Amino acid sequence: MSNTPTIELNDGARIPQLGFGVYQIPPDDTAAAVKSALEIGYRHIDTAEMYQNEKGVGQGIRDAGIDRAEVFVTSKLNNGFHKPDDARRAFDDTLRALEFDYVDLFLIHWPLPTLYDGDYVSTWKTLEEFKKDGRARSIGVSNFQVAHLQRLADETGTVPAVNQIEVHPYFANDEVRTYGREHGIATEAWSPIAQGQVLDDPVVTRIAETLGKTPAQVVLRWHIQRGDIVFPKSVTLQRIKDNFALFDFELGDKDFAAISGLDKGESGRIGPNPDTFDFIPS
């Protein structure tokens, strides 16, 4: 079993704080990458319908010979399937691709407030069905802003277990994180190293040299100490190993504060703004 710390979600489920992300891993390479990650000790895999590699995730878990119940698997609803009947079919397709009868966590990938007449509430209510019938053990959202989360609170009966958002030292996204903390919503950080942009930052490289760690390990440890859930991705075996080795050191208060001080606010965002993002894959 992995010794990765876990976080208790608001529905009582526990999620490993460190996972393995498969965004941009080609479908043909996904099974091998997942198998390697599981052999190293990861027990949390994050995928999505839009990544087109759910099948490889399921295959990698089977190839690793690890009991399904020991692996926390997340997937996310494709942006093109927000209407309730479409969401139901898409979720069925996710389970079929993974060859599982449940996922541990299923998310609305983007709120898309400028599409579907601004209706992400009916989509969320459809995810509530998946949780009720047990095929999604937990449900949550991704890229939801405070106003989106508050609308779900006002109009539905289930608080998202997690909100997966862009978070890294250049974009701490603390307004959304604070709302989540105050309302029992765990934060998952995507793009945790800002697509590599923070790894050459003098503050990060200085701390890494002092600690004898890689810049990526230092930044990922910063996330862990903030209490966020993080899932770096790589297809390089040594990097997969390095990214898992986060629990034999800690950042001191000064180093932690120095990395936190790199926050640029909204200008540090590198991904799309959820208030205007409207991409639907063809």
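Residues numbered from 1 in each chain as written. Predicted model: local features only at pLDDT ≥ 70, side-chain atom pairs only at ≥ 80, totals over all residues. Heavy atoms only, no water.

Looking at an unreviewed UniProt entry, the chain carries the name 2,5-didehydrogluconate reductase, with the source organism given as Mycolicibacterium vaccae ATCC 25954. What the UniProt record of the chain gives under Sequence similarities (unreviewed entry) is the line "Belongs to the aldo/keto reductase family." (UniProt positions renumbered as here; feature names shortened; annotations may be inferred.)

Chemist: Requested: an account of the overall build of the chain, with residues and values cited.
Modeler: Within the chain one finds 10 helices and 10 strands. Its C-alpha atoms give the chain a radius of gyration of 18 Å, within 12% of the compact-globule value 19 Å for 282 residues. If you line up the chain on its principal axes, its C-alpha atoms span 55 × 40 × 35 Å. Counting across all 282 residues of the chain, residues that qualify as buried make up 53%. For the chain, restricting intrachain contacts to residue pairs at least 6 apart in sequence, the fraction spanning at least 24 positions comes to 74%. Put simply, the chain has 29 plus and 43 minus side-chain charges, and the middle of one group is 2 Å from the middle of the other. (Helix = DSSP H or I, 4+ residues; strand = E, 2+ residues; numbered from the N terminus. Rg over C-alpha atoms; globule rule 2.2 N^0.38 Å. Buried < 20%, exposed > 50% of the residue type's maximum accessible area, 1.4 Å probe, protein only. Contact = heavy atoms within 4.5 Å. Lys, Arg positive; Asp, Glu negative; His and termini not counted. Charge placed at Lys NZ, Arg CZ, Asp CG, Glu CD.)

Chemist: Please provide a residue-by-residue account of the pattern of salt bridges, values included.
Modeler: A complete count under the given rule lists 22 salt bridges for this structure. The closest approach of N and O atoms between Lys-35 and Glu-39, which form a salt bridge, is 2.6 Å. Of the two residues, Lys-35 and Glu-39 both sit in helix H1 (residues 27–40), four residues apart, roughly one turn of that helix. Salt-bridge contacts for Asp-92 lead to Arg-135; the nearest nitrogen and oxygen are separated by 2.7 Å. One end of the pair, Asp-92, is in helix H3 (residues 84–98); the other, Arg-135, is in the loop between helix H4 (121–132) and strand S7 (136–142), with 43 residues separating them in the sequence. Several salt bridges converge on common partners, so that one network encompasses Asp-174, Arg-177, Arg-226 and Asp-228. (Salt bridge = Lys/Arg side-chain N within 4 Å of Asp/Glu carboxyl O.)

Chemist: I'd like to hear about the packing of helix H8 (residues 215–226) against helix H10 (residues 253–260), residue by residue, with values.
Modeler: A pair of packed helices is captured by two measures, namely the crossing angle of their axes and the spacing between those axes. Orientation of H8 relative to H10, taken along the N-to-C sense of each, is 100°, at an axis distance of 11 Å. By the angle between their directions, the pair H8 and H10 is classed as roughly perpendicular. Taken together, the residues of H10 that come into contact with H8 (itself represented by Val-218, Trp-222, Gln-225 and Arg-226) are Phe-256, Ile-259 and Ser-260. Taken together, the residues of the contact of H8 with H10 break down into four nonpolar, two polar and one charged. (Axes fitted to C-alpha atoms, helices over the stretch in contact; angles between N-to-C directions. Parallel < 35°, antiparallel > 145°, perpendicular 65-115°, else oblique. Nonpolar A, V, L, I, M, F, W, Y, C, P; charged D, E, K, R; others polar.)

Chemist: Quick one: what's the story with the UniProt feature "active site" (unreviewed entry) in the chain, residue by residue and with numbers?
Modeler: Those residues carrying the UniProt feature "active site" (unreviewed entry) are Tyr-51 in this numbering. Within the element layout of this structure, Tyr-51 appears in the loop between strand S4 (44–46) and helix H2 (54–64). When near neighbours in sequence (up to four residues on either side) are disregarded, Tyr-51 contacts Val-22, Tyr-23, Asp-46, Lys-76 and His-109.

Chemist: Summarise the side chain of His-44; cite the residues concerned and give the values.
Modeler: Tracing the backbone through its elements, the reader meets His-44 in strand S4. Given a relative accessible area of 0%, His-44 falls into the buried group. For His-44, the side chain forms a polar contact with the main-chain oxygen of Pro-16, separated by 3.1 Å. Among all residues touching His-44, those that are not within four sequence positions of it are Ile-15, Pro-16, Leu-18, Gly-19, Phe-20, Phe-72, Thr-74, Glu-188, Ile-229 and Phe-231. (Polar contact = N/O pair within 3.5 Å; in protein donor to acceptor, adjacent residues only side chain to side chain.)

Chemist: A description of unusual backbone geometry should follow, citing residues and the corresponding values.
Modeler: Most of the time, phi is negative for any residue but glycine, and the peptide bond is trans. Backbone geometry at Gln-24 places phi at a positive 70°, although glycine is not the residue there. Along the polypeptide, Gln-24 turns up in the loop between strand S3 (20–21) and H1. The phi dihedral of Ser-191 falls on the positive side, at around 55°, and the residue is not glycine. With respect to the secondary-structure elements, Ser-191 resides in the loop between strand S9 (186–190) and helix H7 (202–211).

Chemist: Can you lay out helix H9 (residues 237–244) for me, pointing to particular residues and giving the numbers?
Modeler: Residues Ile-240, Asn-243 and Phe-244 constitute the buried set of H9. For H9, the arc enclosing every buried residue in end-on projection is 100°, short of the 170-degree limit, so these residues lie on one face. Each element contacted by the buried residues of H9 is listed here: S3, H1 and H8. (Arc of directions from axis to C-beta.)

Chemist: Which residues make up the packing of H3 against H4, and what values do they have?
Modeler: At a minimum axis separation of 9 Å, H3 and H4 run at an interaxial angle of 40°. As summarised for this structure, H3 and H4 are arranged oblique, according to the angle between their axes. Handedness of the crossing formed by H3 with H4: right-handed. Facing H3, whose interface residues are Pro-84, Ala-87, Arg-88 and Phe-91, H4 presents Ser-122, Thr-126, Glu-129 and Phe-130. Here the residues of the contact of H3 with H4 are counted per class, giving four nonpolar, two polar and two charged. (Left-handed = near helix turned anticlockwise from the far one by under 90°.)

Chemist: Any chance you could break down the packing of aromatic side chains for me, citing the residues and the numbers?
Modeler: Scanning the entire structure with this criterion turns up 10 aromatic pairs. An angle of 70° between the planes, with centres 6.1 Å apart, marks the rings of Phe-106 and Phe-130 as edge-to-face. Placement of the pair is Phe-106 in strand S6 (residues 103–108) and Phe-130 in helix H4, with a sequence separation of 24 residues. You'll find Phe-106 and Phe-130 in the same group, each marked buried. The ring of Phe-100 carries Arg-68 above its face, with NZ or CZ at 4.5 Å from the centroid. Lying over the aromatic face of Tyr-170, Lys-264 brings its terminal NZ or CZ to 4.1 Å of the ring centre. (Phe/Tyr/Trp six-rings, centres within 6.5 Å; stacked < 30°, edge-to-face > 60°. Lys NZ or Arg CZ within 6 Å of the ring centre and 35° of its normal.)

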